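Structure at a glance
Spelled out from the first residue to the last, the chains are:
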Amino acid sequence: MSTGEIAVLMRGAVVQVITMVAPVLGLALIVGLIVAIFQATTSIQEQTLTFLPKLLVILLVVALLGGTMFDTLGEYTVRLFSRIPDFAK
């Protein structure tokens, strides 16, 4: 196996991780920003106020997109495992 093939495998793994995590982190970031703006405008500095909305949004996104996320991860894994005989050459 050449270094080019290893680089392609690593790139595919990084792209897979980014596509799975981006919706969850993006929405958590947006909710965190909204809560921070709300806290700044109302002068409420409660630390637990930021935790619960982010947790609920993350759980909702994983519940809605979890099937798709795991389907793409399963397809990537099957493609990776099907290439194992090529790596042995």
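This text follows the structure it describes.
Let me sum up the structure you'll find in this document.

So, how was this worked out
- Residues numbered from 1 in each chain as written.
- Predicted model: local features only at pLDDT ≥ 70, side-chain atom pairs only at ≥ 80, totals over all residues.
- Heavy atoms only, no water.
- Core = buried A, V, L, I, M, F, W, Y, C linked by side-chain atoms within 4.5 Å.
- Buried < 20%, exposed > 50% of the residue type's maximum accessible area, 1.4 Å probe, protein only.
- Helix = DSSP H or I, 4+ residues; strand = E, 2+ residues; numbered from the N terminus.
- Polar contact = N/O pair within 3.5 Å; in protein donor to acceptor, adjacent residues only side chain to side chain.
- Contact = heavy atoms within 4.5 Å.

Further remarks concern the nonpolar core. Met 20, Val 24, Val 31, Val 35, Val 57, Val 61 and Met 69 form the largest nonpolar core, which has seven residues in total. Residue assignment for this core shows that the elements contributing at least two residues are α1 (3-42) and α2 (48-82). Per element, the largest residue contribution to this core is four residues, and it comes from α1.

Turning our attention to the side chain of Gln 39. Tracing the backbone through its elements, the reader meets Gln 39 in helix α1. Only 2.7 Å separates the side chain of Gln 39 from the backbone oxygen of Glu 46, close enough to count as a polar contact. The residues contacting Gln 39, other than those within four sequence positions of it, are Ile 44, Gln 45, Glu 46, Leu 49 and Thr 50.

Keep in mind that most residues, glycine aside, have a negative phi and that most peptide bonds are trans. In this structure, Ser 43 takes a positive phi of about 60° despite not being glycine. Looking at where Ser 43 falls in the secondary structure, it is placed in the loop between α1 and α2. Overall, the relative accessible area of 61% leaves Ser 43 in the exposed class.

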